[in-house]
Amino acid sequence: QQQVKQSPQSLIVQKGGISIINCAYENTAFDYFPWYQQFPGKGPALLIAIRPDVSEKKEGRFTISFNKSAKQFSLHIMDSQPGDSATYFCASIDTGRRALTFGSGTRLQVQP
Amino acid sequence: DAMVIQNPRYQVTQFGKPVTLSCSQTLNHNVMYWYQQKSSQAPKLLFHYYDKDFNNEADTPDNFQSRRPNTSFCFLDIRSPGLGDAAMYLCATSRVGVAGKVYEQYFGPGTRLTVT
């Protein structure tokens, strides 16, 4: 019940295209859903996050869509750039445990 | 800038030789975490401190210990490193507010541990 399932495992997008990464969870106690971006050899960087009381949050080119009834959330990267090439992790947290449960990660490659 | 700092960035130790990794934060967050990340995998939580309360994950080996002498600092001790402990070790911090609501979690740059 602690799992977060992330797909796809890898994604290749052309420059200027839309990158979409999906996550699904089962634990209804999860109440915070961040996305992290990680470059090789670096720590994960918080990209954008959402709480379940809203269905969408947008920050610049990055948008989270959240479907509480389906227990799914996704990251959309508009106008994808080569500099966006990184590994993206979705995560969830339940307040009682105070710890992130990570998805397995998506390696995004944006081709010029 | 407020941040999470990890030292050293790269650490080489010998098989069985104790090693300590350090983390400091200027965010004044009340929770500090240690994660282990191996190549092409998601970070795996080892343990965390909520203020002075230590919370160990059930599957964290006894070989891994931690200390938090004050709000700003947290240490990861690996008592007898094995070859399988070679990994990136990530420190993170978060704030837990009223009624236990957890806020954003921020990661440090990590320490790459090599075991020879």
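It should be noted that the structure appears before, not after, this text.
Described in the following lines is the structure provided in the data block.

Calculation notes
Counting of residues starts from 1 at the beginning of each chain's written sequence and follows it residue by residue. Naming scheme: in the order in which they are written, chains are lettered from A and ligands are numbered from 1. In view of the model being predicted, local features appear only for residues whose pLDDT reaches at least 70, and side-chain atom pairs are presented and counted only at 80 or more, with totals across whole chains, interfaces and linings using the full set of residues. Note that water and hydrogens are dropped before the side-chain values are worked out from all heavy atoms of the structure. What is meant by a nonpolar core is a set of buried Ala, Val, Leu, Ile, Met, Phe, Trp, Tyr and Cys residues, joined one to another through side-chain atoms within 4.5 Å. Here the term buried applies to any residue with accessible area under 20% of the maximum for its type, exposed to any over 50%, and partly exposed to those in between, with areas from a 1.4 Å probe on protein chains only. Numbering of helices and strands runs from the N terminus; a helix is a DSSP stretch of H or I covering at least four residues, while a strand is a stretch of E covering at least two. The contact criterion used throughout is that any non-hydrogen atoms of two residues lie within 4.5 Å. One bridge is not enough; two strands pair if DSSP finds at least two bridges between them. Note on geometry: axes are C-alpha line fits, over the in-contact stretch for helices, and angles between N-to-C directions span 0 to 180 degrees. Any carboxyl oxygen of Asp or Glu that lies within 4 Å of a side-chain nitrogen of Lys or Arg is treated as forming a salt bridge with it.

## Details of the nonpolar core
Judged by nonpolar contacts, the single largest core of 23 residues is most densely connected at W35, F73, L75 and Y88 of chain A. At the level of secondary structure, the elements contributing two or more residues to this core comprise strand 2 (10-14), strand 3 (19-25), strand 4 (30-38), strand 5 (45-50), strand 7 (62-67), strand 8 (72-77), strand 9 (86-94) and strand 11 (106-111) of chain A. Setting aside residues no more than four positions away along its own chain, L75 of chain A makes contact with S19, I20, I21, W35, L47, I48, F62, T63 and Y88 of chain A. Within the second largest apolar cluster, 19 residues are counted, among which are A99, L100 and F102 of chain A together with F107 of chain B.

## Quick look at the sheet that holds strand 3 (residues 19-25) of chain B
Sheet strands associate in pairs through backbone hydrogen bonding, adopting either a parallel or an antiparallel arrangement. All names here are of chain B. Read across the sheet, 4 strands follow the order 1-3-8-7 without closing on themselves; strand pairing throughout is antiparallel. Lying at the two open borders of the sheet, with one neighbouring strand each, are strand 1 (4-7) and strand 7 (64-67). Within the sheet, the average angular offset between the axes of one strand and its neighbour, ignoring direction, is 20°. In this structure, strand 1 lies alongside strand 3, joined through 4 bridges in antiparallel fashion. Paired with I5 across the two strands is S24, which belongs to strand 3.

## Concerning the sheet that holds strand 1 (residues 4-7) of chain A
All names here are of chain A. Here we have 5 strands laid out as an open sheet, ordered 1-3-8-7-6, and antiparallel in their pairing. Two strands close off the open sheet at either side, each with one partner strand: strand 1 and strand 6 (56-59). Going across the sheet, the axis of each strand differs from the next one's by a mean of 15°, ignoring polarity. Bridge count between strand 6 and strand 7: 4 bridges; the pairing is antiparallel. Its bridge partner being in strand 7, E56 is matched across the sheet by S65.

## Some words on the pattern of salt bridges
Following the criterion strictly, the structure yields 4 salt bridges over all chains and no others. When the shortest N-O distance is used, the salt bridge between E59 of chain A and K57 of chain A registers 3.6 Å. The partner of D59 of chain B in a salt bridge is K44 of chain B, with the nearest N and O atoms 3.4 Å apart. Of this pair, D59 of chain B sits in the loop between strand 6 (53-56) and strand 7 while K44 of chain B sits in strand 5 (residues 44-50), and the two are 15 residues apart along the sequence. Its relative accessible area of 32% is what places K44 of chain B among the partly exposed residues.

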